[in-house]
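Breakdown of the fold
Here's the letter readout for the chains.
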Amino acid sequence: MSAEVSPKEPLFSAKNKKLLAVPLNRENPITVQVLGICSALAVTVKLEPAVVMSISVIAVLAFANVIISLLRNTIAPRIRIIVQLVVIAALVILVDQILKAFAYEVSKQLSVFVGLIITNCIIMGRLEAFAMGNKPWPSFMDGIGNGAGYAWILIVVAFFRELLGSGTVWGLPVMEKVGIYNIGYTNNGLMILPPMALIIVGIIIWVQRSKNKELIED
Amino acid sequence: MKALRNYIDKIKPQFEKGGKLEKFHSTFDAFETFLYVPKTVTFRGSHIRDTLDMKRTMIVVVIALIPALLFGMWNVGFQHFISLGETAGFWDQFWYGFLKVLPLIIVSYVVGLGIEFIFAQIRGHEVNEGYLVTGFLIPLIVPPDIPLWMLALSVVFAVIIGKEVFGGTGMNILNPALTARAFLFFAYPAEMSGDKVWIAEKADAFSGATPLGHLLVGDVDKLPSFSDMFYGFIPGSVGETSTLAILIGAIFLIATGIGSWRIMISTVAGGLVMGWIFNLFAINDYMAMPAYYHLVIGGFAFGAVFMATDPVTASQTGMGKYIYGFLIGVLAVIIRVANPAYPEGMMLAILLMNVFAPLIDHYIIQSNIKRRLKRVKIKAA
């Protein structure tokens, strides 16, 4: 992959680093572009599936970006969407098979949502917007960056939903260990219901925009 | 009183622009206008103003709620002693209920107003009065034994997520008091539903089922008599049981012109119509129950009088109010009868119609414009 990088530009040039960093905050796929909300609702009840889902999306996005970027000059514009879909679908099947082989329990929890990575708007969006017009290495960085931007939101949401909804973190009964149930504390059932994921994403957006004024639109 | 006025005038300059306590201007202003009619006058346009500002409006609603509150306090004690099988005097019953309900009111006001003041300070606007009513409504629509921290949490949720994120009082889409109740209902179902929670410190052997609870399992013959349910001698949330007390509040609200009679009437009509439609089919005992029973069971009356009429979240147009109220009544009865997961449909019906209120208004206004345009064209021709 790195063979295509022009010799003048170092691998981690300022431009490439920006590709990694910008999607984490200022162009975050979930909180700013509001893409990929569907899976953010579905897989964030517990931390473990959220992390596995994040890794899957990062892997699919990075490699799909690279492959499409390699093919970008040979794809006829009329059929580019179907080509992108074939590439994504192939990668998703790979990820699905790997999960089934090595993390069967989690793959059962994620069930249909691994398959639904195919329809995740973030992936199609990046392929269209970035990989079709850039070289493989920057595309790879862009894929990792956007995947990570998606991942950290998912993980934060899942952390709070699991902690407050089930009283556990990664399956560990944290709340029970602290002994907070003895003084009358109860788990919050609303946290397990999907609407709460939207509300937490909303709160993250609120915090992010009040820290980062340039995101506020009129 | 004169001394208080003088004291306020004395400390006022410190809170004005440039004063050393300028930061707390909104807090000061809130207290001053709460105690005295503000001195602000219009400086252009019409010069005659109604003295009825938002604070007075809110106070009228609070006064209208007092019969329901007092009855609720007594009923909490009454139900408690019945469940224990003890007899107690009127004042013992009232005192017991008073001690149960007072902490709810205090927690609701302290937490809610605390958040209001903090947001007012941060955003630099005046403290909004909307919470005066919300804070009074919330204790009336929860079970008497609700843990206080849960109540506090629901208030935090309702004020921040239900109101402040939309821009504060007057901007909210959903009724904040019902948002608090919906939060409790979905977050802590064990404390908000079932037969165990509606009587304070109930004896275990005594069935504490509300009328809705009986209906849910199909025990229509176990319902209390209509008059008991009308007067409110039944278990339930603090302020919702007595239709009579709510009716007194409703008359007061209509007489002062604060509450919309259009919404109240049409909500009741909607409930009755849907009840009759169910009567026509009458597949089970619940559907066969006389339609007017729906009006005195659960939170229907309380919702119709105090929740549906919230001026911020209801429809604003005259015709829209009829449609909005009617659909609340219809939906509440449908949810009650047809969906066993939610025994109390009133809360969900009002919240749902809150969301649709702007849409209703939009189409009413559009049709008005169209009708008038037609008139203009005919004249022109």
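The structure presented is a predicted model; accordingly, all values stated were derived computationally and were not measured. (Residues numbered from 1 in each chain as written. Chains lettered and ligands numbered in written order. Predicted model: local features only at pLDDT ≥ 70, side-chain atom pairs only at ≥ 80, totals over all residues. Heavy atoms only, no water.)

**Let's talk about the overall build of chain A**
Rules: Secondary structure elements follow DSSP: runs of H or I of four or more residues count as helices, runs of E of two or more count as strands, with numbering from the N terminus. The size measure is the radius of gyration over C-alpha atoms, and the globule rule it meets is 2.2 Å times the number of residues to the 0.38 power. Each residue's exposure class comes from its accessible area (1.4 Å probe, protein chains only) as a fraction of the maximum for that residue type: buried when under 20%, exposed when over 50%, partly exposed otherwise.
A tally of helices and strands in chain A yields 10 helices and 0 strands. When the helices and strands of chain A are read in sequence order from the N terminus, they spell out α-α-α-α-α-α-α-α-α-α. For 218 residues, the compact-globule estimate of 2.2 N^0.38 gives 17 Å, and the C-alpha radius of gyration of chain A, at 19 Å, lies within 12% of that figure. Projecting the C-alpha coordinates of chain A onto the three principal axes gives extents of approximately 65 × 45 × 30 Å. Here chain A holds 218 residues, and 44% of them are scored as buried.

**Examining the packing of aromatic side chains**
Residues and elements named next belong to chain B. To keep it simple, the criterion reads: Stacked, tilted and edge-to-face are the three classes applied to pairs of Phe, Tyr and Trp rings, where Trp contributes its six-membered ring and a pair requires centres within 6.5 Å; stacked means planes under 30 degrees apart, edge-to-face means over 60, and tilted covers the rest.
Under the criterion given, the structure shown has 30 aromatic pairs over all chains. Between Trp74 and Phe78, the ring centres sit 4.6 Å apart and the planes meet at 20 degrees, which makes this aromatic pair stacked. Taken together, the positions of Trp74 and Phe78, both in helix H3 (residues 54-84) and 4 residues apart, correspond to about one turn of that helix. Here Tyr109 and Tyr131 contribute two aromatic rings whose centre-to-centre distance is 6.2 Å and whose plane-to-plane angle is 85 degrees, an arrangement assigned as edge-to-face. Taken together, the positions of Tyr109 in helix H4 (residues 90-123) and Tyr131 in helix H5 (residues 131-140) put the pair 22 residues apart, joining distant regions of the chain.

**Examining the confidence of the model for chain B**
Stated formally: Confidence scores per residue from the predictor, reported as pLDDT, run from 0 to 100.
Of all residues in chain B, 94% have pLDDT values of 70 or greater, and the mean over the chain is 85. As a predicted assembly, this complex carries a pTM of 0.85 together with an ipTM value of 0.82.

**Regarding helix H4 (residues 80-102) of chain A**
All names here are of chain A. Put simply, the rule reads: The length a helix should cover is 1.5 Å for every residue beyond the first. Contacts are assigned to residue pairs with any non-hydrogen atoms lying within 4.5 Å of each other.
The end-to-end C-alpha separation of H4 is 33 Å, in line with the 33 Å expected for 23 residues at 1.5 Å each. Buried residues of H4: Gln84, Val87, Ile88, Leu91, Val92, Val95, Asp96 and Leu99, and no others. Elements in contact with the buried residues of H4: helix H3 (47-71), helix H5 (104-110), helix H6 (112-115) and helix H7 (121-129).

**Details of the side chain of Ser315 of chain B**
On the secondary structure map, Ser315 of chain B appears in the loop between helix H15 (300-307) and helix H16 (318-338). If sequence neighbours within four positions are ignored, Ser315 of chain B has contacts with Gly320, Lys321, Tyr324, Ala357, Ile360 and Asp361 of chain B.

**Overview of the interface of chain A and chain B**
Just so we agree on the cut-off: Throughout, buried area stands for the accessible area (probe radius 1.4 Å) lost by two parts on being put together, summed over both. A carboxyl oxygen of Asp or Glu within 4 Å of a side-chain nitrogen of Lys or Arg is what we treat as a salt bridge. Residue classes follow a fixed rule: Ala, Val, Leu, Ile, Met, Phe, Trp, Tyr, Cys and Pro count as nonpolar, while Asp, Glu, Lys and Arg count as charged, and any other residue, Gly among them, counts as polar.
Each partner contributes residues to the interface: chain A has 12 residues there, and chain B has 14 residues. Carbon and sulfur atoms make up 74% of the surface buried where chain A meets chain B, a total of about 880 Å² over both sides. The interface formed by chain A and chain B includes 0 salt bridges. Here the residues of the side of chain A that touches chain B sort into 7 nonpolar, 5 polar and no charged.

**Things to note about H16 of chain B**
Side chains three or four residues apart in an α-helix point the same way, a direct result of the helix having 3.6 residues per turn. Taking 1.5 Å of rise per residue, the 21 residues of H16 of chain B would be expected to cover 30 Å, and the 30 Å separating its terminal C-alpha atoms lies within 8% of that figure. When we look at burial in H16 of chain B, the residues that qualify are Gly320, Lys321, Tyr324, Gly325, Ile328, Gly329, Val330, Ala332, Val333, Ile335, Arg336 and Val337 of chain B.

**Focus on the nonpolar core**
Test applied: The criterion is simple. A nonpolar core is a set of buried Ala, Val, Leu, Ile, Met, Phe, Trp, Tyr and Cys residues joined through side-chain atoms within 4.5 Å.
One finds Leu253, Ile297, Phe302, Phe306 and Tyr324 of chain B to be the most contacted residues of the largest nonpolar core, which totals 142 residues. Ranked by residue count, the leading element in this core is H3 of chain B, at 14 residues. With 8 residues, the next largest nonpolar core counts Val51, Ala158, Val169 and Tyr185 of chain A among its residues.

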